[in-house]
Amino acid sequence: MSPTSFQVSADNRRYPGHVAIIMDGNGRWANQRGKPRTAGHLAGAKTVREIVEHARRSSVRCLTLYAFSSDNWSRPKDEVDALMRLFRRHLAAETPKCVENDIRMSVVGRRDRISPELCHAIRAAEEATIDCESLHLRLAVDYSARDTMVRAAAAAPVGSPLSRDAFAELLAEVNHDDGSAGDVDLLIRTGGEQRLSDFLLWECAYAELVFSRRMWPEFGTADFDAAVEDFRARDRRFGGLSKARMG
Ligand code: IPE
Ligand code: IPE
Ligand code: MG
């Protein structure tokens, strides 16, 4: 897998190049307000807009957002249908804004279980933003890290040794991805739970994890900045020794 490409600031502390977010807590946010869960998803879409705009202005080069897990198909049909409608509307509404703001949008995950209309909206968004470079926004829809790994393993050539880089390429292929995102530097999960829920298990091997108690609809740009600051204070050793101790 390609090495992470951080940016280094004047004070020599690194910024995360690839940030991934498990956007959790929409349903609880809505319930706490006596609203249906779908109102939480709608409010969550507004947060997506704010955080994407904010990330675009920061040093982040790739932002991967967990929008719908493969296990989320087990939710009531009404909620799943509402989410799928929301994704379609969101993609259509955001595509021109992404073009304007030089944001490349792509969707990772399976495409064989979503509707042809959503597939079409995904392709349209990807094609319209293919040349944008300031930020790569990846939405994970019908995504399962374990399913991805099983399918990548099944697609591996028989009889020749498989390297990490070659396996990472297979992972990208089965997810309709180009593999350019690489490893995750900073993983944020909102909503108070402290688990990965089958998200980017391979890519998060050395990610720094930040768990926020805020529900996703109330997660703001200051929370995002706080997570980045938390990341910057960490000592990433990748199995080696920190610079201070190597000295
Ligand atoms: C995350 O919020 C959005 C999706 C999984 C689609 P949830 O819907 O999981 O909200 P909670 O965790 O039930 O509050
Ligand atoms: C993870 O949240 C999936 C997304 C945020 C899209 P879930 O709410 O589905 O995860 P669990 O069930 O709490 O592990
Ligand atoms: Mg949840």
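One can find the structure itself at the top, above this paragraph.
No experiment lies behind these values; they were computed from the predicted model shown.

Caption draft 1: Expanded view of the overall build of the chain. When helices and strands are counted, the chain shows 8 helices and 8 strands. Scaling as 2.2 N^0.38, a compact globule of 247 residues should have a C-alpha radius of gyration of about 18 Å, and the chain matches this with 18 Å. If you line up the chain on its principal axes, its C-alpha atoms span 55 × 50 × 35 Å. Scored against the burial criterion, the 247 residues of the chain give a buried share of 49%.

Caption draft 2: Examining the sheet that holds strand β4 (residues 62-69) more closely. Pairing within the open sheet is parallel, and its 6 strands lie in the order β5-β6-β4-β3-β7-β8. The sheet is open, and its two borders are formed by β5 (103-108) and β8 (208-211), each paired with just one other strand. Adjacent strand axes in the sheet meet at a mean angle of 20° when their direction is disregarded. Across the sheet, helix α2 (residues 37-57) touches β3 (18-22), β4, β5 and β6 (135-143), and the angle it forms with β4 is around 160°.

Caption draft 3: Up close: the site of ligand 2. Inspection of the region around ligand 2 gives Ile22, Met23, Asp24, Tyr66, Ala67, Phe68, Ser69, Asn72, Arg75, Arg189, Arg195 and Ser197 as its neighbouring residues. In the model, an oxygen atom of ligand 2 is placed 2.9 Å from a nitrogen or oxygen of the Asn72 side chain. Here an oxygen atom of ligand 2 sits 3.2 Å away from a polar atom, N or O, in the side chain of Arg75. If you tally residues by element for the shell around ligand 2, the top one is β4, at 4 residues. Its residues assigned to classes, the shell around ligand 2 shows 5 nonpolar, 3 polar and 4 charged.

Caption draft 4: How the structure looks around the site of ligand 1. The environment of ligand 1 is made up of 13 residues, and the closest members are Asp24, Gly27, Arg28, Arg37 and Arg75. Separating an oxygen atom of ligand 1 from a backbone N or O atom of Asn26 is a distance of 3.2 Å. The backbone of Arg28 places a nitrogen or oxygen atom 2.7 Å from an oxygen atom of ligand 1. Starting from 380 Å² of accessible surface for ligand 1 in isolation, the protein chains cover 87%.

Caption draft 5: View of the packing of aromatic side chains. In the structure shown here, the tally under the stated rule is 8 aromatic pairs. For the pair Phe68 and Phe87, a centre-to-centre distance of 6.3 Å together with 80° between the ring planes defines the contact as edge-to-face. Of the two residues, Phe68 sits in strand β4 while Phe87 sits in helix α3 (residues 77-100), which places them 19 residues apart along the sequence. With relative accessibility at 13%, the residue Phe87 sits in the buried group.

Caption draft 6: Geometry of the state of the cysteines. Here the structure, examined in full by the defined rule, presents 0 disulfides. This cysteine, Cys132, is not joined by any disulfide, and Cys98 carries the nearest cysteine sulfur, 7.5 Å off.

Caption draft 7: Expanded view of the nonpolar core. Ranked by size, the top nonpolar core spans 39 residues in total, and within it Ile21, Leu63, Leu65 and Phe224 carry the most contacts. Setting aside its immediate chain neighbours within four residues, Leu63 contacts Val19, Ile21, Ile51, Val52, Ala55, Leu135, His136, Leu137, Arg138 and Phe224. If you look at the next biggest cluster of nonpolar residues, it comprises 13 residues, including Ile22, Val108, Phe199 and Ala207.

Caption draft 8: View of α3. Look at α3: 35 Å from first C-alpha to last across 24 residues, which is about the 34 Å you get at 1.5 Å a residue. Its maximal kink placed at Glu94, α3 deviates by approximately 35°, while the proline Pro96 follows within four residues. When α3 is considered as a whole, its buried residues turn out to be Glu79, Val80, Ala82, Leu83, Met84, Leu86, Phe87, His90, Leu91, Glu94, Thr95 and Cys98. Buried residues belonging to α3 abut α2, β4, β5, α4 (116-129) and β6. Of the residues trailing α3, Asp102 is marked for its positive phi of about 60°.

What counts and what doesn't
Residues numbered from 1 in each chain as written. Chains lettered and ligands numbered in written order. Predicted model: local features only at pLDDT ≥ 70, side-chain atom pairs only at ≥ 80, totals over all residues. Heavy atoms only, no water. Helix = DSSP H or I, 4+ residues; strand = E, 2+ residues; numbered from the N terminus. Rg over C-alpha atoms; globule rule 2.2 N^0.38 Å. Buried < 20%, exposed > 50% of the residue type's maximum accessible area, 1.4 Å probe, protein only. Pairing = 2+ DSSP bridges. Axes fitted to C-alpha atoms, helices over the stretch in contact; angles between N-to-C directions. Contact = heavy atoms within 4.5 Å. Near = heavy atom within 4 Å. Polar contact = N/O pair within 3.5 Å; in protein donor to acceptor, adjacent residues only side chain to side chain. Nonpolar A, V, L, I, M, F, W, Y, C, P; charged D, E, K, R; others polar. Areas by Shrake-Rupley, 256 points an atom, 1.4 Å probe, with all protein chains shown as cover. Phe/Tyr/Trp six-rings, centres within 6.5 Å; stacked < 30°, edge-to-face > 60°. Disulfide = S-S within 2.5 Å. Core = buried A, V, L, I, M, F, W, Y, C linked by side-chain atoms within 4.5 Å. Expected span 1.5 Å × (residues − 1). Bend = angle between axes of the 7 residues up to and from the residue.

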